[in-house]
Amino acid sequence: MKVTINHVQKSVGMIRKTTHHGVTVRVEFNAEELAIVRERKLETDIVLERDYSSDMSDAAIDRHESRGLGKRLLTATVSGADANHHHLTVSKLMKGEDTHYLGTPVEAKEYEESLKQALVTLKSWIEGNAKVETETATFEL
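As the structure is a prediction and not an experimental result, all values here were calculated from the model. (Residues numbered from 1 in each chain as written. Predicted model: local features only at pLDDT ≥ 70, side-chain atom pairs only at ≥ 80, totals over all residues. Heavy atoms only, no water.)

A. Structural context of the packing of aromatic side chains. Overall, the coordinates contain 0 aromatic pairs when judged by the stated rule. Sitting above the plane of the Tyr101 ring, Lys10 keeps its charged end 4.5 Å from the centroid. (Phe/Tyr/Trp six-rings, centres within 6.5 Å; stacked < 30°, edge-to-face > 60°. Lys NZ or Arg CZ within 6 Å of the ring centre and 35° of its normal.)

This is the structure we're talking about:
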């Protein structure tokens, strides 16, 4: 598993420019890891729980949260099941680059540290799912 993390910035707004600080992650899984993820159906598992991206307005967040069942099903059909939430999933990492924007550089650095820890956990979790235990364990309580 090869991980690349970059920090990016973008400014939005015509009158009051607001700068958002983003963290972009790209994970390249090797063939064995991809096979394990697909075989064990781990694509929808959440790697890192996170809030909405800071570049989303409050109105956009409200619209996203108040969508009806029909719109949620349509979104899941067109963009995938994990498009209905904002958490980082294995599927989002498999699709390519994922960028999450935060309000300040400090928040972006903290998010990067959380992301690194979550990716280490993901790597060990994939390795743990590689083999099924065949030995019988006997113990007394």
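Still to come is the rest of the account.
B. Quick look at the pattern of salt bridges. Per the stated rule, a full pass over the model turns up 6 salt bridges. Residues Arg40 and Glu39 are paired through a salt bridge, measuring 3.6 Å at the closest nitrogen-oxygen approach. By relative accessible area, which is 55% here, Glu39 ends up exposed. Residues Lys116 and Glu112 are paired through a salt bridge, measuring 3.3 Å at the closest nitrogen-oxygen approach. Here Lys116 pairs with Glu112, and both are found in helix α5 (residues 105–128), just 4 residues apart, close to one helical turn. (Salt bridge = Lys/Arg side-chain N within 4 Å of Asp/Glu carboxyl O. Buried < 20%, exposed > 50% of the residue type's maximum accessible area, 1.4 Å probe, protein only. Helix = DSSP H or I, 4+ residues; strand = E, 2+ residues; numbered from the N terminus.)

C. Just the nonpolar core, in detail. By size, the foremost hydrophobic cluster in this structure holds 20 residues, and its most contacted members are Val47, Leu88, Leu93, Tyr111, Leu115, Leu119 and Leu122. Among the elements that line this core, the one with the most residues is α5, at 7 residues. For Leu88, the residues in contact, after removing those within four places along its chain, are Asp45, Ile46, Val47, Leu48, Arg50, Leu93, Asp98, Tyr111 and Leu115. (Core = buried A, V, L, I, M, F, W, Y, C linked by side-chain atoms within 4.5 Å. Contact = heavy atoms within 4.5 Å.)

D. Region of the structure containing the sheet that holds strand β5 (residues 98–102). One open sheet holds the 3 strands; their spatial order is β1-β2-β5, and the pairing between them is antiparallel. Two strands in the sheet have a free side with no partner beyond their single neighbour: β1 (2–12) and β5. Neighbour-to-neighbour, the strand axes of the sheet open up by a mean angle of 25°, direction not taken into account. Bridge count for β1 against strand β2 (residues 18–28) is 11 bridges, and the pairing is antiparallel. Paired with Val12 across the strands is Thr18, a residue of β2. The strands touched by α5 are β1, β2 and β5; relative to β2, the strand with the most contacts, the crossing angle is about 15°. (Pairing = 2+ DSSP bridges. Axes fitted to C-alpha atoms, helices over the stretch in contact; angles between N-to-C directions.)

Scope: geometric values only; no functional claims are made or implied.
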